[in-house]
Amino acid sequence: MKAEQVKELLKKDSSVQLLEQMYGKGKAEVNAERYELAANGFSRSFGDREFEFFTSPGRTEIGGNHTDHNQGKILAGSVQMDCVAAAAANGTETIHMISETYRQDLVIDLNDLEPGSQTTGTLPLVKGVLAGLEKRGFEIHGFDAYVTSNVIGGSGVSSSASFEMLVCSIVDYLFNNYTRDVVSYAKAGQYAENKYWLKGSGLLDQMACAVGGIITIDFADTEEPEMRRVDCNFDDLNLDLVIVNTGKGHADLSAEYSSIPNEMKSVAKYFGKEVLAQVAEEDVIENVKDIRRKCGDRALLRAFHFFEESRRVDDQVAALESGDKERFLQEITASGNSSWKWLQNCYLNETPQEQSISCTLALTELFLKKIYGGACRVHGGGFAGVIAAFIPKEHTAEYCRYIDKALGDGSAFVMHIRKQGAIHLEF
């Protein structure tokens, strides 16, 4: 398609229905404007050429906080916040990407994908994704892309993974006949973060963005993670998932995130294993004294969190699939308590006077106590960023006003779970 065709295409009934399915009821028009922006940006930047649309969502972590990197279990879903791109092959070996949101203009030579000294930012991330795809046998050539995103950056809904999966879907569609699997997408994104950002991340973020809907994954087999969709709808439970931006981003906390998998793996190493999924919790309990001496108390606590959190994922899935709202909320609360007390990713020990996550959780717990319902927990990597709150629908507007008054307007975001992952989109 070309830019001049987009406006009329987006007015079609089928297009409106698709946009409402992806972004929520009443959200078609505002998101149609984003696709028009991407189309016009592409035409303005790269000429009046044919292009394709691509979209990749952010993600919400429902259960399995910091379990994926030790081959545990997770429960996650894709959300309506997404990256949108207008892209087309350019017949060269150079990739040119313009980000309207972050005002970036990136040019990447496909003959120069080796890691450099820069370990933050978009450029090394894209190079890492491309290198990861290349290692997994993807055909890659040059393309032009104009990108816009409304995924909140540095705040736990995975703006980076959303962007990584967008790049993967573009490469797959343009040069690989759209035949590659999402596990390959996810591993390319993980490779980029591990090798180019030096961040010890797992596969949760990438898989949740790539697949779409609510999914549960067991990472026991890292080459072929066991994944399945969870058939549930928060609307049927009369719950809204509200993500709260606590006011401090987590983009500069890679060392803190890496300490979690590293400490968990130190306990696994005590038993001669690589990850905690290969260790029995009972064996850890039997060797507590020696583990504390050799690995430290925090590593022990984080190991206990891993075992119990992975087990909780199964209970959360069972509760959702049976429609047992109270059990589900109990498990969310238990997950939050474990992250706070055992995993310890709600604030930094070095700066105890700054506790944006803890303050927002406390405010939310006081609200939930008053309405006798709901649950909340730290969301994603932690230390800063966002929390997740499950609020009875009749109290959602009140909760958002309450949080916005405390933290500032625009802090609370009501999430919509979308079925589409990282895809090529046709209207």
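Residues numbered from 1 in each chain as written. Predicted model: local features only at pLDDT ≥ 70, side-chain atom pairs only at ≥ 80, totals over all residues. Heavy atoms only, no water.

Caption draft 1: A look at the packing of aromatic side chains. Summed over all chains, the structure comprises 20 aromatic pairs. With a centroid separation of 6.1 Å and 55° between ring planes, the pair formed by Y191 and Y196 is classed as tilted. On the basis of relative accessibility, which here comes to 22%, the residue Y191 falls in the partly exposed class. We classify Y196 as buried; its relative accessible area is 4%. (Phe/Tyr/Trp six-rings, centres within 6.5 Å; stacked < 30°, edge-to-face > 60°. Buried < 20%, exposed > 50% of the residue type's maximum accessible area, 1.4 Å probe, protein only.)

Caption draft 2: Structural view of helix α11 (residues 297-322). Taking 1.5 Å per residue, 26 residues should reach 38 Å; α11 reaches 38 Å between its end C-alpha atoms and fits that length. Downstream of α11 by a residue or two, G323 has a phi angle that is positive, lying close to 75°. (Helix = DSSP H or I, 4+ residues; strand = E, 2+ residues; numbered from the N terminus. Expected span 1.5 Å × (residues − 1).)

Caption draft 3: Looking closely at the pattern of salt bridges. Tallying each qualifying case throughout the model produces 22 salt bridges. Between K73 and D314 there is a salt bridge, and its shortest N-O distance comes to 2.7 Å. In this pair, K73 is assigned in strand β2 (residues 73-89) and D314 in helix α11, connecting sequence segments 241 residues apart. Judged by its relative accessible area of 24%, K73 falls in the partly exposed class. What makes D314 partly exposed here is its relative accessible area of 38%. Where K393 meets D235, a salt bridge forms, and the shortest distance between an N and an O atom there is 2.8 Å. Taken as a pair, K393 in the loop between β10 (386-392) and α14 (396-407) and D235 in the loop between β7 (226-229) and β8 (239-245) lie far apart in primary sequence, 158 residues in all. Residue class for K393 comes out partly exposed when judged on its relative accessible area of 29%. What you see here is one network of salt bridges that share partners, running through R34, D82 and R418. (Salt bridge = Lys/Arg side-chain N within 4 Å of Asp/Glu carboxyl O.)

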